[in-house]
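# Examining the three-dimensional arrangement
What follows is the residue order along each chain.
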Amino acid sequence: MPIGIKQNTQSNKNTQNIQNAHYHPSTAQVHAGFDPGSNADSVTPVVYPNAAFWLEDVDHGHHVANGDIPGFLYSRVANPTVGFLERRVAALDGAAEAVAVASGMAAITYALLNAAEGGGRIIAPYDIYGGTFDSLRTLLPRFGVTTTFVDDINDTKRIEALIAGDSPDALDAEGRNAPVKAIFAETVSNPRTVITDVEALSAVAHRNGIPLIVDNTLPTPHLFRPIEHGADVVVYSATKALGGHGNAIGGIVTSGDSFDWANGRYPQFTEPEFILGEAAGRAPRSFVDAAGPLAYIRRLRLKYLRLTGAVLGPFEAYQQLLGLETLGERVSKETASAKTVADWLSRRDHVTTVHYTGLPYGPQRALADRLFPLGVGSVLSFELEGADAADQTARAKELIDHVRLFSYLANIGDVRSLIVDPANITHREFTPAARAKVGITPGLIRLSIGLEDPRDLIADLDQAFDAAYPA
């Protein structure tokens, strides 16, 4: 499989092994996955805008196409610049391998379908991003993949019962007990910042031969590395805090190498695949035969990325690589500022509830201390006071329309501070019943805290509150 790049035999010895070295995160975010000596001695990642790559001669081309030697064939499958990003994120995430795609939603779609294709169920919480909820509720069922939504993804007894089929919710539309193919959750939920107990949930999943797939977009690998806590597959919207500048759409799927994809529940990984066997002049082989514990991530690249084509462009990969170089510094400052703003909001008149698990109180305090000692990220939300839904809607409009520093955007993780009303923008896909379950009300406001001084952000919010609630 073409995922490497030929080494320049004249390169400096000190640079040849940079992409394979094991570094601490602050070093890896700058150096991992890129070898200057193999890229004209450039110390910054090089943009390769090629659609296709020179194959030298017939024998060499056949070997590259068959995956016998490292190299590149066509950028829909792999590209050097995109490869730099994949290796860097994999290193930061503690993953065995990564695949970059065109958006975070493409990453979620590929990750779930790769596990659940052919039919089956996914177990997921209601408390997730609106686009993800819409996909799970309305789109994936058209591909034979249904979702059982739960109120509390950390209720492991409930999850165990759903896997066993001991619940009416375990039945599909035809009344059959559809097998569970994956558990999916956000490590820190958007917008309420509820923490998933990845360790407990992965233990339940693995007892039943099921992978745990998590979206780690909000905390990033700087604050939490899910694979180290038992997750099998991790997805990111690189558009958010990974890239950090709001200038490039992208997504990443990373994978560990400990899940047994040959356990009988996932025939797509053990059935013979023509391009791995006969097309390469070999005996029939499956993805498990060819890649062992990397069967999942290799199949995601060769079947989903190659055949459905949600390709990340090299320039977008380059922009995200530049953003990654300051990941730890950005996320640390933004997280500290988010805690300061959340604390101020918790004492501000006309705020009824603050949703930020990073505050030093709340029902998940012990879990936060154990899994997120560095904090839960830059996103928080709060509920505005209002006599009724119409009053909340009017107050939210006034507050948003009067901020000066906060930008009204449907994004998070930017260096700029952002504000949005989820009920109208980011979670508008939620049904009324689902909104009620997770508190997506007209008075809910979500903030993504950037790199500005928190004193200025608080002053901006304060004057906007005065406009929304005039004396």
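Now for a quick tour of the structure. Counting starts from 1 at the beginning of each chain's written sequence and moves along it residue by residue. Restriction of local features to residues with pLDDT of at least 70 applies here, the model being predicted, together with a cutoff of 80 or more for giving and counting side-chain atom pairs; totals for whole chains, interfaces and linings are based on all residues. To obtain the side-chain values, all non-hydrogen atoms of the structure were included, while hydrogens and water were left out.

## Describing the packing of helix α7 (residues 156-164) against helix α8 (residues 198-207)
- Only the stretch in contact is used when a helix axis is fitted, and all axes are lines through C-alpha atoms; the angle between N-to-C directions ranges over 0 to 180 degrees. Runs of H or I in DSSP of at least four residues are treated as helices and runs of E of at least two as strands, each being numbered from the N terminus. Interhelical geometry of α7 versus α8 gives an angle of 20° and a closest axis separation of 10 Å. Comparing their axes, α8 and α7 come out roughly parallel. With respect to the hand of their crossing, α7 and α8 are arranged in right-handed fashion. Together, T156, I159, E160 and I163 of α7 and A200, L201, V204 and R207 of α8 make up the contact between the two elements.
- Polar here means any residue outside two lists: the nonpolar Ala, Val, Leu, Ile, Met, Phe, Trp, Tyr, Cys and Pro, and the charged Asp, Glu, Lys and Arg; Gly therefore counts as polar. Considering only residue class, the contact of α7 with α8 consists of five nonpolar, one polar and two charged. Roughly parallel means an angle under 35 degrees; roughly antiparallel means over 145; roughly perpendicular covers 65 to 115; every other angle is labelled oblique. Definitions for this section: a left-handed crossing has its near helix turned counterclockwise from the far helix by less than a right angle. A right-handed crossing has that turn clockwise. Residue contacts follow a heavy-atom distance rule, with two residues in contact if any of their heavy atoms lie within 4.5 Å.

## Some words on the packing of helix α4 (residues 80-93) against helix α13 (residues 314-324)
- Contact geometry for α4 and α13: axes closest at 8 Å, N-to-C directions at 35°. You can see that α4 and α13 cross each other, and the crossing is left-handed. For the pair α4 and α13, the contacting residues are T81, V82, F84, L85, R88, V89 and L92 in the first and P314, A317, Y318, Q320, L321 and L324 in the second.
- By residue class, the composition of the contact of α4 with α13 is ten nonpolar, two polar and one charged.

## Remarks on the pattern of salt bridges
- When a carboxyl oxygen of Asp or Glu lies within 4 Å of a side-chain nitrogen of Lys or Arg, that pair is called a salt bridge. Following the criterion strictly, the structure yields 19 salt bridges and no others.
- The residue R299 makes a salt bridge to E117 at a minimum N-O spacing of 2.8 Å. In this pair, R299 is assigned in helix α12 (residues 295-308) and E117 in the loop between α5 (104-116) and β2 (120-125), connecting sequence segments 182 residues apart.
- Exposure categories follow from relative accessible area, calculated using a 1.4 Å probe and restricted to protein chains: below 20% of the type maximum is buried, above 50% is exposed, and the middle band is partly exposed. For R299, a relative accessible area of 3% puts it in the buried group.
- A relative accessible area of 24% means that E117 is categorised as partly exposed.
- Across the salt bridge formed by D369 and R365, the nearest N and O atoms sit 2.9 Å from each other. Of the two residues, D369 and R365 are both situated in helix α15 (residues 365-371); the distance of four residues between them amounts to about one turn of the helix.
- According to the relative accessible area criterion, R365 is partly exposed, its value standing at 21%.
- Shared partners join several salt bridges into a network, and the residues in it are D197, E199 and R370.

## So, the sheet that holds strand β6 (residues 233-237)
- DSSP bridges decide pairing: two strands pair if at least two such bridges lie between them. One open sheet holds the seven strands; their spatial order is β1-β7-β6-β5-β4-β2-β3, and the pairing between them is mixed. What marks the edges here is a single partner per strand, and that holds for β1 (97-101) and β3 (145-150). Here the strands of the sheet are splayed against their neighbours by 20° on average, with no regard to which way each runs.
- Sheet analysis places β1 next to strand β7 (residues 251-255), joined by five bridges and oriented antiparallel. Paired with A100 across the bridge in β7 is I252.
- This element, α8, spans β4 (180-186) and β5 (212-215) of the sheet and lies at about 150° to β5.

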